[in-house]
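Overview (structure and organization)
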Amino acid sequence: LTIDQVKILISAAQLDKEHGIYYAWPFLTGTRVSEQFAVSWKDIDFERNSISIRRTVENDGSIVELTKTRAGVRDIPISATLRMMLLEWRLLCPRNDDSELDLVFPAPGKIQAWPLPRLGGGGIMWYQNFRKRIWRPAFKRLELPYVTPHSARHLFISTMQAQGTEVGLVAKIVGHANASITLSHYTQAVRGGEGAMAALEGAFVVHSKS
């Protein structure tokens, strides 16, 4: 995808209150899908403006207390756009069987006409269901070239580098053990994490004029 195409996707995601955050997240955080589906609301710190990545979802749907590598355990700064989307999503996010907020990206279930409750939802999101019901339809609806969620991670890294973020910081944000991995696998081009996310947002997000 080009930067302009990502802008179209992020703009659409901000308007899509039901599924938008699911497909915007990889472009705004650079996380792996297995990390994304393991994030709980306890991992979102709105005071520190950061996301803790500590767990992954296995192929069998279980959540394990470890990441792909030791470096995968990390905190990711929250951009202004993602923060707003998370705050809005928190009000709509399906809850678990105990009616409590748990996973940030649970299986969404099905919305029924008010006042009927949502059917299902709240449990683990399966990757194949995500791609079939949320990810792929978003690209088709917006008439954008299809890319995989992992390609969104590649684009996140490449764009950060192109915006001038120091490669060591990029490696830390995306959970690479060292900068050489970032350079050898993700090519296309010293500030803090907040500055890095601001630079990324400057590339990806269309801001309305006041």
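Residues numbered from 1 in each chain as written. Predicted model: local features only at pLDDT ≥ 70, side-chain atom pairs only at ≥ 80, totals over all residues. Heavy atoms only, no water.

Structurally, valine 104 is set in the loop between α4 (80–92) and α5 (127–142). For the pair valine 104 and tryptophan 41, spaced 63 residues apart in sequence, the C-alpha separation works out to 5.7 Å. Not counting the four nearest positions on each side in its chain, valine 104 is found in contact with Val39, Ser40, Trp41, Ile44, Leu86, Trp89 and Cys93. (Helix = DSSP H or I, 4+ residues; strand = E, 2+ residues; numbered from the N terminus. Contact = heavy atoms within 4.5 Å.)

The contact between helix α1 (residues 3–15) and helix α2 (residues 20–29) brings their axes to 8 Å, and the two run at 140°. When the axes of α1 and α2 are compared, the pair comes out oblique. Here the hand of the crossing between α1 and α2 comes out left-handed. Packed against α1, whose contacting residues are Val6, Leu9, Ile10, Ala12 and Ala13, the element α2 presents Gly20, Tyr23, Ala24, Phe27 and Leu28 at the interface. (Axes fitted to C-alpha atoms, helices over the stretch in contact; angles between N-to-C directions. Parallel < 35°, antiparallel > 145°, perpendicular 65-115°, else oblique. Left-handed = near helix turned anticlockwise from the far one by under 90°.)

Along its 14 residues, helix α6 (residues 149–162) runs 20 Å from first to last C-alpha, staying within 8% of the 20 Å computed at 1.5 Å per residue. Most of α6 is tucked away, with ten of its 14 residues classed as buried. For α6, the set of buried residues is Pro149, Ala152, Arg153, Leu155, Phe156, Ile157, Ser158, Thr159, Met160 and Gln161. Looking one or two residues past α6, glycine 164 carries a phi angle of roughly 95°, positive in sign. (Expected span 1.5 Å × (residues − 1). Buried < 20%, exposed > 50% of the residue type's maximum accessible area, 1.4 Å probe, protein only.)

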